[in-house]
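Next come the chains, spelled out residue by residue.
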Amino acid sequence: MGILKIKPNFDSNNVMDQENLAKLEALNNEKVLRVVNEFLALCKPSKVTVITDSKEDINYVRQTAINIYEEEKLNTEGHTIHYDGFFTMSYHDQARDKANTRVLVPEGEYMSQWINNIDRDEGLKEILEIMDGCMEGHECIIRFFCLGPKNSKFSILALQLTDSFYVAHSEDILYRAGYEEFKKLEGSEDFFYFIHSAGELTGNPPVTKNLDKRRIYVDLQEGRVLSVNNQYAGNSLGLKKLALRLGIAKANNEDWLTEHYFILGVHPNEKNRVSYFCGAYPSACGKTSTAMLPGQTVVGDDIAYLRPWDDGYAHAVNIEQGLFGIIKDVNPDDDPVIYEALTTPRETIFSNVLITEGFPYWIGDGRPIPKKGINFSGKWKKGKVDEDGKFIPHAHPNARYTIRINELSNADVNLDSPEGVPIEGIFYGGRDSDTMPPIIESLNWEHGVFIGAAIESETTSATLGTEGVRRPSPMANLDFVVVPLGKYLDNHRTFGNNLKVCPKVFATNYFLKNEEGKYLNGMLDKLVWVIWAEGRTHNEFEAIQTPVGFIPKYHDLRDLFKLYLNKDYSKKEYEEQFSIRISRLLEKLDRVEAMYKKDEGIPKFFWALLEDQRKKLKELLSQHNTETVSPFDL
Ligand code: SPV
Ligand code: MN
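Residues numbered from 1 in each chain as written. Chains lettered and ligands numbered in written order. Predicted model: local features only at pLDDT ≥ 70, side-chain atom pairs only at ≥ 80, totals over all residues. Heavy atoms only, no water.

(A) Structural detail: the coordination of the manganese ion (ligand 2). Listed as protein donors to the manganese ion (ligand 2) are Lys-241 (NZ), His-260 (NE2) and Asp-302 (OD); their distances from the metal cover 2.1 to 2.4 Å. Read in sequence order, the donor residues coordinating the manganese ion (ligand 2) give the pattern K-x18-H-x41-D. Here His-260 is found in the loop between strand S16 (257-259) and strand S17 (262-266), whereas its partner Asp-302 is found in the loop between strand S19 (297-300) and strand S20 (304-308), with 42 residues between them in sequence. The pair His-260 / Asp-302 is uniform in exposure class, with both members buried. (Donors = N, O, S within 2.8 Å, 3.2 Å for Na, K, Ca; no water. Helix = DSSP H or I, 4+ residues; strand = E, 2+ residues; numbered from the N terminus. Buried < 20%, exposed > 50% of the residue type's maximum accessible area, 1.4 Å probe, protein only.)

(B) Molecular detail of the packing of aromatic side chains. Counted according to the given criterion, the structure contains 34 aromatic pairs. Centroid distance Phe-154 to Trp-309: 5.3 Å. Interplanar angle 0 degrees. Geometry classified as stacked. In this pair, Phe-154 sits in the loop between strand S8 (139-147) and strand S9 (156-162) while Trp-309 sits in the loop between S20 and strand S21 (314-318), placing the two residues 155 residues apart along the sequence. Accessibility classification places Phe-154 together with Trp-309 in one group, the buried group. Seen in terms of ring centroids, Phe-450 and Phe-606 are 5.0 Å apart; in terms of plane orientation they differ by 40 degrees. Their pairing is tilted. Of this pair, Phe-450 sits in helix H11 (residues 445-453) while Phe-606 sits in helix H17 (residues 604-624), and the two are 156 residues apart along the sequence. Its relative accessible area of 0% is what places Phe-606 among the buried residues. An aromatic cluster of three or more residues is present, and its members are Trp-529, Tyr-554, Phe-561, Tyr-569, Tyr-574, Phe-578 and Phe-632. Over the ring of Phe-191 we find Lys-31, and its NZ or CZ is 4.6 Å from the ring centre. The ring centre of Phe-550 lies 5.4 Å from the NZ or CZ of Arg-536, which sits over that ring. (Phe/Tyr/Trp six-rings, centres within 6.5 Å; stacked < 30°, edge-to-face > 60°. Lys NZ or Arg CZ within 6 Å of the ring centre and 35° of its normal.)

(C) Inspection of the packing of helix H16 (residues 582-597) against H17 at higher detail. Viewed as axis vectors pointing N to C, H16 and H17 meet at an angle of 160 degrees, and their least axial separation amounts to 10 Å. The orientation of H16 with respect to H17, classified from their angle, is roughly antiparallel. For the pair H16 and H17, the crossing hand works out as left-handed. Between H16, through Ile-582, Leu-585, Leu-586, Leu-589, Asp-590, Val-592, Glu-593, Tyr-596 and Lys-597, and H17, the contact on the second element is made entirely by Phe-606, Trp-607, Leu-610, Glu-611, Gln-613, Arg-614, Leu-617, Lys-618, Leu-620 and Leu-621. (Axes fitted to C-alpha atoms, helices over the stretch in contact; angles between N-to-C directions. Parallel < 35°, antiparallel > 145°, perpendicular 65-115°, else oblique. Left-handed = near helix turned anticlockwise from the far one by under 90°. Contact = heavy atoms within 4.5 Å.)

(D) Expanded view of unusual backbone geometry. With an omega of 0 degrees, the peptide bond running from Asn-204 to Pro-205 counts as cis. Inspection of the secondary structure puts Pro-205 in the loop between strand S12 (201-202) and strand S13 (207-208). For Glu-186, which is not glycine, the phi dihedral falls at a positive 50 degrees. Of note in this structure, Glu-270 is not a glycine but carries a positive phi near 55 degrees.

(E) A look at the site of ligand 1. Close to ligand 1 lie Arg-96, Tyr-232, Gly-234, Lys-240, Lys-241, His-260, Ser-283, Asp-302, Phe-324 and Arg-400, which account for all nearby residues. Tyr-232 is positioned such that a nitrogen or oxygen atom in its side chain is 2.6 Å from an oxygen atom of ligand 1. A distance of 3.3 Å is found between an oxygen atom of ligand 1 and a side-chain nitrogen or oxygen belonging to Asp-302. When the free accessible area of ligand 1 is taken as 280 Å², the share hidden by the protein chains comes to 95%. Composition of the shell around ligand 1 by domain shows at least three residues from each of domain 1 (12-67 + 93-255) and domain 2 (258-320 + 414-633). (Near = heavy atom within 4 Å. Polar contact = N/O pair within 3.5 Å; in protein donor to acceptor, adjacent residues only side chain to side chain. Areas by Shrake-Rupley, 256 points an atom, 1.4 Å probe, with all protein chains shown as cover. Domains from an automatic or database assignment.)

As structure tokens, then:
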């Protein structure tokens with residue numbers, strides 16, 4: 001020690017004692033001190049605590065979250081409840097704030113108009129003003145984490161300052177500890193950093209008061225995100241969606257991928273093998289339930305880094321080690337693995353559910369709804385309405401659970417492998433009631449990139465705003481992409497083309513409905529699509545080529561439904577689900593075209609594929625003279 005040129009300047013008002021200071025200085029990292037200096041001076045907390053990887057420090061975070069009522073203990077050992085801010089059903093902190101999450105763009109730099117951005121100088125001025133004094137009266141914690149497994153080519157270190165103990169506790173469950181890793185940096189400035197403040201609090205439990213001043217500003221130039229006046233994890237936790245955005249910028253400049261992917265180990269019956277798949281689904285489109293399919297193993301459910309590896313495959317790691325999952329509809333029938341995990345003792349944070357007699361209840365949990373309790377709106381009883389007269393459900397539709405993956409019975413053995421896992425295939429899944437079949441395989445890698453770029457989804461409760469509007473969602477990542485879309489698509493294309501073993505790409509749609517609006521598939525049918533895709537990566541099933549990709553053959557699905565779900569899958573069901581809906585698909589192409597036309601620099605291969613599919617769909621129409629072509633006629 002003693003080599004640091006920068007001296008801490010924040011102890012003038014005694015906010016940090018010698019012990020904490022020593023923990024910081026032991027890192028021997030000037031940038032850490034510089035950042036801490038700058039933001040403690042700006043945010044003005046009344047106390048500062050540095051958290052190392054020790055059990056003692058980590059317990060301090062857990063216990064303080066309870067002491068200051070950011071969390072409350074529940075009856076089951078290890079379970080706590082946290083509430084995010086709520087004023088009315090349309091004014092709350094129960095989801096990601098897309099409108100106030102912006103990328104800071106330096107003057108003269110191009111950014112896609114699909115990406116919410118603001119001039120860097122203007123944005124910094126605004127947010128730094130809001131952050132001035134935002135931690136007054138609060139304790140600030142300084143934490144260190146590792147994104148991705150430790151000791152790995154994949155890992156990126158992250159520094160987090162926050163005045164929310166709920167945020168810090170969540171990060172303990174969700175991310176790998178990194179204080180010791182920071183020491184190994186030997187002074188390098190190569191890490192991300194995140195400054196978060198819940199801002200002024202109100203009520204009991206304490207929640208963010210000034211939601212009108214909620215801002216999440218992504219500063220690519222500095223590799224940092226500043227986030228203020230929020231608690232909801234998608235807005236507040238630096239390492240989650242904020243680091244995803246920084247990771248995307250980094251990957252796109254260095255020719256690898258940071259994606260909104262789960263990582264799933266698929267274990268087909270009697271085959272004695274595992275094949276790893278990634279998958280991207282917009283919020284509430286079945287992502288976690290695919291990642292958690294019964295009989296399979298999970299590496300991750302939200303964010304992955306992918307790099308080309310020596311064996312010719314792309315390898316992927318989960319940047320996280322836990323799940324921040326939607327709890328709605330987790331019940332013994334539809335999500336047995338998670339239901340079991342959530343109803344037995346282990347460290348678990350529930351958020352925004354109903355608590356009655358010390359137990360959590362949520363929408364679709366398969367139990368009778370209690371008549372009263374405490375929920376995100378305070379004291380709740382059946383029939384409660386908000387100020388605007390809007391019905392308040394017993395639990396929020398975007399209520400969540402936070403748990404560690406390695407506590408689950410289906411955790412994959414390679415969860416923490418520094419080499420990651422080789423990827424055989426990638427799923428993209430949207431939410432559409434009338435266009436895409438339940439599963440389709442891309443014609444080749446570039447067509448796979450196109451398929452990912454063309455995902456659409458009807459909006460859900462996971463983001464603020466109206467529900468049920470169809471939105472484009474390239475790679476289920478549009479909320480997080482922070483480089484121009486043309487560059488993003490080109491990076492995908494080159495990434496795959498440079499691999500010796502390129503993943504096969506599949507699009508799934510779990511939400512297809514019939515004319516009467518009834519879903520055509522059960523929740524667990526996705527297991528069959530996944531097993532079929534796995535077989536395709538081992539050349540085990542034949543497929544039917546259509547203009548929009550390969551679809552399964554009836555007899556293979558019939559056998560798989562019988563073997564895996566003990567269900568009789570009829571020809572009629574197959575025909576209804578896998579018919580090619582020509583005019584719907586053409587309309588989708590029109591929407592995709594309209595979206596990308598608004599952007600500069602969309603690569604040529606993309607337009608060529610779009611035109612080719614349009615042409616082939618029109619040919620199919622004239623050959624068959626019907627809008628809906630049965631797979632039996634192909
Ligand atoms: C998502 O919405 O994609 C999530 C939850 O995974 S959040 O952390 O809010 O982003
Ligand atoms: Mn997500």
